[in-house]
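# Architecture and fold: a report
Letter by letter, the chains look like this.
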Amino acid sequence: MESLIALPTHRESAKRPNRHGQPWVIADYELLVQGVREGLELPALASRIGRTETVLLPRLRRLLPVAQRDCFPELVLDALRTALADDGYDWRHEMLLSPPIVRNEIIRSGLDGLTDDQAVTIGYALLASGGAEEAELFEQLAPRLSESRLMDRLVDLRACRVVRSSPYSVDADSAWAHASYWVHGRRGYRNWHHQQVFEPDW
C-alpha cells in the first residue's frame, strides 16, 4: 500500500512574515537603512526585517527627504540609496518631518475678484467721473453690482455724500431721489418712491 504524502495547505504555503502586524520600532528602520546601503532589493529587504513588500514601500518613502516622497514607486529605492550615500544625511530627522499642507484656493480675478466694498467704491468713482469710457466700464460693472444687490449701497453712498457736501439743508427723501437718479437714470428717478424708505446711516 502506497504511503500518503501530506501536501501543504494554502495557509501553510502562504505563511506570513514573522513580524507581520507587529508595531514598527526604530530597529526596523535601522535594518532597512543597512539593507538599502548594502544594495538589497525590495524582496530581500522584506525578508530581512520580516515584513511584506506591500507595507515596506510606505516606510521606505518615510526615510526619503520630504521633497522626494511623492516620487514614483519604482524610483523610491534608487532615491533612498542616493540620499543615504551622503554621510551627512540624517534619515531619523527626515522621518520627523511632514510635507507642507497645500490648500487649493480659488483665486478670482477681474470684476469677480473685487470685494463688495471695492465694487461700490469703483462704481461710484466711474459715475462721478462722467466720461464716456468710464460709462462703458460702469456698464460692465453694473451686472456685478445688481447681482450682489450693491446698487442700493451705491445709491446710499451718493445720498450721504450729497447731504454732507451740500451747503444747504437737504432732507433724506430729496437726497435719495437725487442719488437714485444719479445712479439709475430717469427711470430710476421716476420709480424711486416705490423703493423702501431710505434711512441714511449718518
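## Examining the packing of helix α4 (residues 53-63) against helix α5 (residues 76-84)
- As a packed pair, α4 and α5 sit with axes 10 Å apart at the nearest point and diverge in direction by 35 degrees. Where α4 crosses over α5, the two elements pack in a sense that is left-handed. When α4 is examined against α5, the residues L57, L60, R61 and L63 are found in contact with a partner set consisting of V76, L77 and L80.
- Partitioned by chemical class, the residues of the contact of α4 with α5 number six nonpolar, no polar and one charged.

## Looking at helix α9 (residues 151-165)
- For α9, which comprises 15 residues, the first-to-last C-alpha distance of 21 Å matches the rise-based estimate of 21 Å (1.5 Å per residue) to within 8%.
- Among all positions of α9, only M151, L154, V155, R158, A159, C160 and V162 are buried.
- In this fold, the buried residues of α9 make contact with α7 (116-129), α8 (132-147) and α10 (172-184).

## Some thoughts on the confidence of the model for the chain
- On average, residues of the chain score 81 in pLDDT, and 80% of them reach the 70 mark or higher.
- Averaged pLDDT values for the elements of the chain fall to 42 in helix α11 (residues 186-190) and rise to 94 in α5.
- In this model residues 186-198 is a low-confidence stretch, pLDDT under 50, and it forms 14 contacts with partners more than four residues away in sequence or in other chains.

## Regarding the pattern of salt bridges
- Overall, the coordinates contain seven salt bridges when judged by the stated rule.
- One salt bridge in this structure joins R51 and D28, with 3.0 Å as the shortest N-O distance. Pair noted here: R51 is in the loop between α3 (42-49) and α4 and D28 is in helix α2 (residues 26-38), with a separation of 23 residues, a long-range link. Considered together, R51 and D28 belong to a single accessibility category, that of buried residues.
- Taken together, the shared-partner salt bridges connect E41, D78 and R81 into one network.

So, how was this worked out
- All chains use their own residue numbering, which begins from 1 and follows the written sequence.
- Where totals are concerned, whole chains, interfaces and linings use all residues; where local detail is concerned, this predicted model gives features only for residues with pLDDT of at least 70, and gives and counts side-chain atom pairs only at 80 or more.
- In computing side-chain values, all of the structure's heavy atoms are included and hydrogens and water are not.
- Interaxial angle, 0 to 180 degrees, is taken between N-to-C directions of lines fitted to C-alpha atoms, where a helix line uses only the stretch in contact.
- Helix and strand definitions follow DSSP, with helices as H or I runs of at least four residues and strands as E runs of at least two, each counted in order from the N terminus.
- By convention, the crossing between two helices is left-handed when the near helix turns anticlockwise from the far helix through less than a right angle, and right-handed when the turn is clockwise.
- Only heavy atoms enter the contact rule, under which two residues are in contact if any of them lie within 4.5 Å.
- Ten residue types, Ala, Val, Leu, Ile, Met, Phe, Trp, Tyr, Cys and Pro, are classed as nonpolar, four, Asp, Glu, Lys and Arg, as charged, and the remainder, Gly among them, as polar.
- To estimate how far a helix should reach, multiply one less than its number of residues by 1.5 Å.
- Here's how the labels work: a residue is buried when its accessible area is under 20% of the maximum for its type, exposed when over 50%, partly exposed in between, all with a 1.4 Å probe on protein chains only.
- Confidence scores labelled pLDDT are given residue by residue by the predictor and lie between 0 and 100.
- A side-chain nitrogen of Lys or Arg and a carboxyl oxygen of Asp or Glu constitute a salt bridge if their distance falls within 4 Å.

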